[in-house]
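# Coordinates in review
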Amino acid sequence: MDYLIIFLMGIPAIMVATTIHEFTRAAVSTHFGDKLPKEQGRLTLNPLKHFEPIGLIIMLACGFGWGQPVNTSSMYYKDRRKGVLITAIAPTVANLIFAFVFMFLASITNIYYLAVFFMKITYFCCCLVIYNLVPVAPMDCLKVLAVVLPANTYFKFMQYEKTIQMVFLLLLFLGLSSVFEQIISMLYVLIGAICF
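Since we're looking at a predicted model, the values are computed, not measured. (Residues numbered from 1 in each chain as written. Predicted model: local features only at pLDDT ≥ 70, side-chain atom pairs only at ≥ 80, totals over all residues. Heavy atoms only, no water.)

### Examining the overall build of the chain
Regarding its fold elements, the chain presents 9 helices and 0 strands. Listing each helix as α and each strand as β along the chain from the N terminus yields α-α-α-α-α-α-α-α-α. Against the compact-globule benchmark of 16 Å for 196 residues, the chain has a radius of gyration of 17 Å, which places it among compact chains. The principal-axis extents of the C-alpha atoms in the chain amount to approximately 50 × 35 × 30 Å. The buried share of the chain, taken over its 196 residues, is 44%. (Helix = DSSP H or I, 4+ residues; strand = E, 2+ residues; numbered from the N terminus. Rg over C-alpha atoms; globule rule 2.2 N^0.38 Å. Buried < 20%, exposed > 50% of the residue type's maximum accessible area, 1.4 Å probe, protein only.)

As structure tokens, then:
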């Protein structure tokens, strides 16, 4: 029963982690002048607005997952290159910061299940940090490539976007996820060592 409760805590924990990620994207893009996130109701901390069931289920199963991606438009940015780059990087940075925040909260609470819940959020924030370094849709690294790669190279890469995504997901389920789990665990343990 205890194991089931802890497992089910993963659902709201994922929703918190992905809400942090997507809200940060919406807020940063809005800061640069983008009107789209607010118009589409995504400039909010309401987890239901950022909920994506398939991304949540996959994340619960193997750590790789996503929330409902926030639509942004770089046409509103005064400095397009800077706006796209920071909007792409900021959500992952926010997840890293909040991984420390929630691990710290876990370290100071005396309520067992609350501590476990905070540590679950930390873990899934770590998942988002690591997986968003991979240039596979819908991860943010792909958006970074749009800025750092020459346009023709990026567009050639994007021609194979769906194929790369499907191959990556297949490899995850065939065992690649265990490699990522080790990297995520290393980050999680490091954060725990700093906060406890």
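### Brief notes about the side chain of T122
Mapped onto the elements, T122 comes out in helix α6 (residues 112-131). Here M103 takes part through its backbone nitrogen, which lies 3.1 Å from a polar atom of the side chain of T122. When near neighbours in sequence (up to four residues on either side) are disregarded, T122 contacts A99, F102, M103, Y188 and I191. (Polar contact = N/O pair within 3.5 Å; in protein donor to acceptor, adjacent residues only side chain to side chain. Contact = heavy atoms within 4.5 Å.)

### Regarding helix α2 (residues 10-31)
It helps to recall that an α-helix has 3.6 residues per turn; residues three or four apart then point in one direction. With 22 residues, α2 ought to run about 32 Å at 1.5 Å a step, and its terminal C-alpha atoms sit 31 Å apart, in line with that. Looking at the residues trailing α2, positive phi occurs at G33, about 110°. (Expected span 1.5 Å × (residues − 1).)

### Observations concerning the packing of α2 against helix α4 (residues 53-62)
Contact pair α2 / α4: the axes reach a minimum separation of 10 Å and the direction vectors enclose 115°. The two elements α2 and α4 meet at a crossing, and its hand is right-handed. Residues G10, I11, I14, M15 and T18 of α2 pack against L56, M59 and L60 of α4. Grouping the amino acids of the contact of α2 with α4 by side-chain chemistry returns 6 nonpolar, 2 polar and no charged. (Axes fitted to C-alpha atoms, helices over the stretch in contact; angles between N-to-C directions. Left-handed = near helix turned anticlockwise from the far one by under 90°. Nonpolar A, V, L, I, M, F, W, Y, C, P; charged D, E, K, R; others polar.)

### Notes on the packing of aromatic side chains
Under the counting rule described, the total for this entry stands at 13 aromatic pairs. Centroid distance F98 to F102: 6.2 Å. Interplanar angle 35°. Geometry classified as tilted. Of this pair, F98 and F102 are both found in helix α5 (residues 80-108), 4 residues apart, which corresponds to roughly one turn of the helix. Judged by relative accessible area, F102 falls into the buried class, the value being 13%. (Phe/Tyr/Trp six-rings, centres within 6.5 Å; stacked < 30°, edge-to-face > 60°.)

### A few points about the environment of S107
Looking at the secondary structure, you find S107 in helix α5. Ignoring sequence-local partners within four residues, the contact set of S107 consists of C195 and F196.

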